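Below are the chains, spelled out letter by letter.
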Amino acid sequence: MANRRLNPASLLRRQRSRRRRRKAALQSLPAPPEKKARGGPDALQRYARDFARGLLSARPSQPPPRNEGASAEGEMLTAVEAKEGRAFLLLPQGQALTFTGKCSLTCLYGSVRVFGFNIVPDQPPYHLFSPYSHCALTIEAVAYKEPEKSGKEMKAEAKSILRAHLVPRDARCKLMKDFIPQCSMILLERLDTPATRFIHSYSNFSHIFKAKRQKAPSFTPEDTVLASVGAGKQDPRNGLVMSQSTLSAVEELVQACQDEDEGCPIVLVCGPKSVGKSTFNRYLINILLNSLPCIEFLDCDLGQPEFTPPGCVSLINVTEPLLGPPFTHQRTPRKMVYFGATSCEQDTERYIDTLKYVFTAYERDVPLVINTMGWVKGAGLLLLIDIIRLLAPSHIVQISAEDFRDMPQLSPEYIHCTAGLHTRGKALLRRKSLNGMEDSGQQGLAQAGFHPPHPGHQLLCVQPEFPGAGNAGTGRTHSSVLRDMAILAYLGQLQPPSVESVFPLHSLIPYQVPFNAVALRVIHTDVAPAHILYSVNASWVGLCQVPDQVPCNADGPVLLTHTPICNCLGFGIVRGVDRDKKLYHILTPVAPQNLRFVNCLLIGSIPIPNCIFLNQVGIEGDIPYVTSEYNYDISGAGKLKLKKHLKRREHTQP
C-alpha cells in the first residue's frame, strides 16, 4: 500500500518537472513578430501554440547566446546500432540532430520534425537527403500529446516497440536508461536508390553526400553509430536558418490555406537569385502537408526547376514532403511543356504562351504555390509584372536581400499601374484614352488571357538572413552543377531498382524510333535541313505530343516549321542515328505505355552533362562524341544568340 501511495506523488513530481521544462521552453522561444509591442498573454500563448503545431518550427537566424557550461545541440541524444545499416536514436524534447548524408527515417515513438514536416508513428519511412551542396537537414524532437498512461506504462510500450524491431537486449537497456516522458525514438536506416547510385558513379559527384571534416576534438560513439547509416553530425549553424519575417509569412500563408471561406489561395514567390526562393517553397509545402492532403505547384523557373530537368514549365500535384534538394525528387508532372532553354530572355512571348498553356490545367480546388525565376532586373522585372497579371495570385511573397535595392515592392497599386513587357498599366491606358485614342487595352488583355491581379492581393515581404543571401556568386554549388545533377538523377531512373551495380548508359538497350514516326524541331536556333540529323545525334530531347498528325516523309526526317507549345511526356538521349534504316536510337526512362503518344522530338539548348561523355566505361581509343581539337577562336565557332522579343525598327511605332 505504501508503494501505491508513492506512485501518484512520483507522477506529480514528474508533471511539475514537465511544466517547468515547458515554461523554460516557452521563455526561450523567439519573440513573436509584430506582437512583441502588443504584449499580453493571449498573443504569447497563440504564438507558442503555433510553434508546437509546426507553423514556426525553424530556429531564429540569431539564436540567443548559450552558457559555456550548457551542452551543444545534439550532445544529449542517445544512439545505438542494432546491426549494420540500422541505428536507433532517442531524442529528448527540444533536442535536434543536424546532419549531412542520406538515410531513411521511421518514427517509432513520439514526434519529430524535419524541414517543417511532422513525422509520427504509424507513418511509412521517409527518405532524407542532406548533401553538402545544400543546407543540412535537422531532425528535431517536438512536443506531442501524451497518452493517459503512467510513466511505467509508457516505458513498457517503448520497450515493446524496440523488441518488435529486433533490437538486442544491450541496446534496449541503453536506450531505456535515458527514456523520459516527451522524448522521441526514431529508426535510421542506410538508404540507397538507383538515382543516387548513378550519380555516385561519376567522380565529380561521388562525395556529394559525404560530410566534410569538422574541427572536433574527438569522434564520439554517437558519430560512429550515425556513420553506420550514412549520416554525419554537423554544426547546427549549417542547417536551415529562418528569419522572423520568413516565419511570419509562413504563418500567414498557412492560415490563409486553412481558411475555406475565401477559396484556395494562389501564392506566388518571387525575388532575385540566391535569396532562398526554392528553400522557402519546400518549407512552405512541407508545413502545409501537415494539415492538407496535397498542394499544387506551378514551376516557372526554367533554370532551377524543383521536380523536372531544366528548361521546363510544369504543374505538379505534391502529396509527399520534400526532404531533399530537387535532384532527389524528380517526378512526372500533371502537365509539362519543354521550353528548351534555362532562360526565356531570347523569347519572352513564347514563355508567356507556355505559362498560359500550363496554367489552364490548374482546377483551383487546392492551394497553388508558384515558383518564379530570379531574373528581376530590367526586362525581367517587366516580365514578372506580366506573370502576376496572368496568374492573378492572392498572395505575393517578395524575398529580397537587405542590400538589394533594384526591385520595387510589388504592391497591388504598383502592379495595377506599371507597364509590363507585354502589357500596359492602367495609368498608361488612361493617358492614351484622354488623348483621343480608343481605350481597347483592357479588352486586349482579356483576349490575350491576362487578368487583373487579385483584388487587394496581399504582399508579404521577406528578408533572408542566412550568410550570403542575395549574392549569386557565393552559393555552395554553381547552378550549372545543380542542373547536371538533376539530369543525372532523371537518367538514374534507367537503372534497375533491384541491382546494386550501376550499368553505364552505353550498355543499356535503346528504343528504335522510325524517322516518319516523330517530327523534329530545333528550338533555340535555325538549322539547315541537311544538317538536322547532326543536331539530333547525341542530344538531350523532349519527348512531346503535338495534337496534329505528323506528316509522313519517306525520304528523310519530318521537320516542323514552328516550335509547338504542347505536352511533354519526358526526356531522353538520342544515342545514335541510323541513316540507312532511318531509325533514331533513344534512351529514356519514360514508360512504354506513354511512349506510344510521343510524336515529336524537341531539341533545345540544354546540354547533356560532360561527365556522361567523358566517363564512358570500357571504351578503348577515341571516346565517341568527344574531341579536343575544336577551336572556339574561329569566327562563327561560338553560339549565336537571337533576341526574338526585340522587334525590328520597321515594326516599332514612333
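Residues numbered from 1 in each chain as written. Predicted model: local features only at pLDDT ≥ 70, side-chain atom pairs only at ≥ 80, totals over all residues. Heavy atoms only, no water.

Peer 1: Just checking my understanding: could you explain the environment of Y109 for this structure?
Peer 2: By secondary structure assignment, the location of Y109 is in strand 3 (residues 96–109). Classification of Y109 by relative accessible area gives buried; the value is 5%. Each C-alpha atom, one on Y109 and one on M154, is 9.9 Å from the other, the two residues being 45 residues apart in sequence. In this structure Y109 touches P121, Y144, M154, E157, A158, I161, F179, C183, S184 and M185, once residues within four positions along its chain are discounted. (Helix = DSSP H or I, 4+ residues; strand = E, 2+ residues; numbered from the N terminus. Buried < 20%, exposed > 50% of the residue type's maximum accessible area, 1.4 Å probe, protein only. Contact = heavy atoms within 4.5 Å.)

Peer 1: Help me understand the pairing of strand 11 (residues 295–299), please; the structure alone is not making it clear to me.
Peer 2: The two faces of a sheet get side chains in turn, since along a regular strand they alternate between them. Along strand 11, five of the five residues are buried, which leaves the element largely enclosed by surrounding structure. With five bridges connecting them, strand 11 and strand 12 (residues 312–318) associate as antiparallel partners. Bridge pairing in strand 12 places E296 opposite N317. With four bridges connecting them, strand 11 and strand 14 (residues 368–371) associate as parallel partners. (Pairing = 2+ DSSP bridges.)

Peer 1: I would appreciate a short explanation of the sheet that holds strand 15 (residues 395–399) in the present structure.
Peer 2: Two pairing modes exist for strands in a sheet, parallel and antiparallel, and in both the strands are linked by backbone hydrogen bonds. Taken together, the seven strands give an open sheet; going across it, the order is 13-12-11-14-10-15-16, and neighbouring strands pair in mixed fashion. For this open sheet the edge positions go to strand 13 (335–338) and strand 16 (458–462), each flanked by a neighbour on one side alone. Averaged over all neighbouring strand pairs, the angle between strand axes comes to 15°, with direction disregarded. Note that strand 12 and strand 13 share four bridges and pair antiparallel. If you follow S314 over to strand 13, its bridge partner there is M336. On the sheet, helix 8 (residues 277–289) packs against strand 10 (266–270), strand 11, strand 12, strand 14 and strand 15 and is oriented at approximately 155° with respect to strand 10. Each of strand 10, strand 11, strand 14 and strand 15 is contacted by helix 10 (residues 379–391), which is oriented at about 175° to strand 10, the strand it contacts most. (Axes fitted to C-alpha atoms, helices over the stretch in contact; angles between N-to-C directions.)

Peer 1: Would you mind showing me how to read the sheet that holds strand 20 (residues 558–559) here?
Peer 2: Read across the sheet, seven strands follow the order 17-22-21-19-23-18-20 without closing on themselves; strand pairing throughout is mixed. The open sheet is flanked by strand 17 (511–514) and strand 20, the only strands paired with a single partner. Bridge count between strand 17 and strand 22 (residues 583–587): four bridges; the pairing is antiparallel. Paired with Y511 across the bridge in strand 22 is I586.

Peer 1: Sorry, what's going on with helix 3 (residues 151–164) here?
Peer 2: In an α-helix there are 3.6 residues to a turn, and that puts residues three or four apart on one side. Taking 1.5 Å per residue, 14 residues should reach 20 Å; helix 3 reaches 20 Å between its end C-alpha atoms and fits that length. Within the sequence span of helix 3, burial applies to G151, M154, A158, I161 and L162. Angularly, the buried residues of helix 3 cover 100° about the axis, an arc narrow enough to put them on a single face. Residues of helix 3 that are exposed and point more than 90 degrees away from the buried face comprise K152 and A164. Positive phi shows up at L166, right after helix 3, with a value of about 60°. (Expected span 1.5 Å × (residues − 1). Arc of directions from axis to C-beta.)

Peer 1: I tried to follow the packing of aromatic side chains on my own but got confused; where do I start?
Peer 2: Two numbers describe a pair of aromatic rings. These are the distance of the centres and the angle of the planes. Counted under the stated rule, the structure contains 16 aromatic pairs. With centroids separated by 6.2 Å and ring planes inclined at 50°, the aromatic side chains of F209 and F327 adopt a geometry described as tilted. Placement of the pair is F209 in the loop between helix 5 (194–200) and helix 6 (221–228) and F327 in the loop between strand 12 and strand 13, with a sequence separation of 118 residues. In this pair, the class of F209 matches that of F327, namely buried. Relative to Y351, the ring of F339 has its centre 5.9 Å away and its plane inclined at 90°; by these criteria the two rings are edge-to-face. On the criterion of sequence distance, the pair formed by F339 in the loop between strand 13 and helix 9 (348–359) and Y351 in helix 9 is long-range, its members being twelve residues apart. Just as F339 is buried, Y351 falls in that class too. (Phe/Tyr/Trp six-rings, centres within 6.5 Å; stacked < 30°, edge-to-face > 60°.)

Peer 1: Explain the pairing of strand 15 here, please?
Peer 2: Among the five residues in strand 15, five count as buried, and that is most of the element. Burial of the side chains of strand 15 extends over both faces: H395, V397 and I399 are buried on one face and I396 and Q398 on the other. Alignment of strand 10 against strand 15, held across four bridges, turns out to be parallel. When the sheet's bridge partners are listed, V269 is paired in strand 15 with V397. Of the strand pairs in this sheet, strand 15 and strand 16 are connected by five bridges, and their pairing is parallel. The residue of strand 16 that forms the bridge with H395 is Q458.

By themselves, these observations are geometric and do not establish any function.
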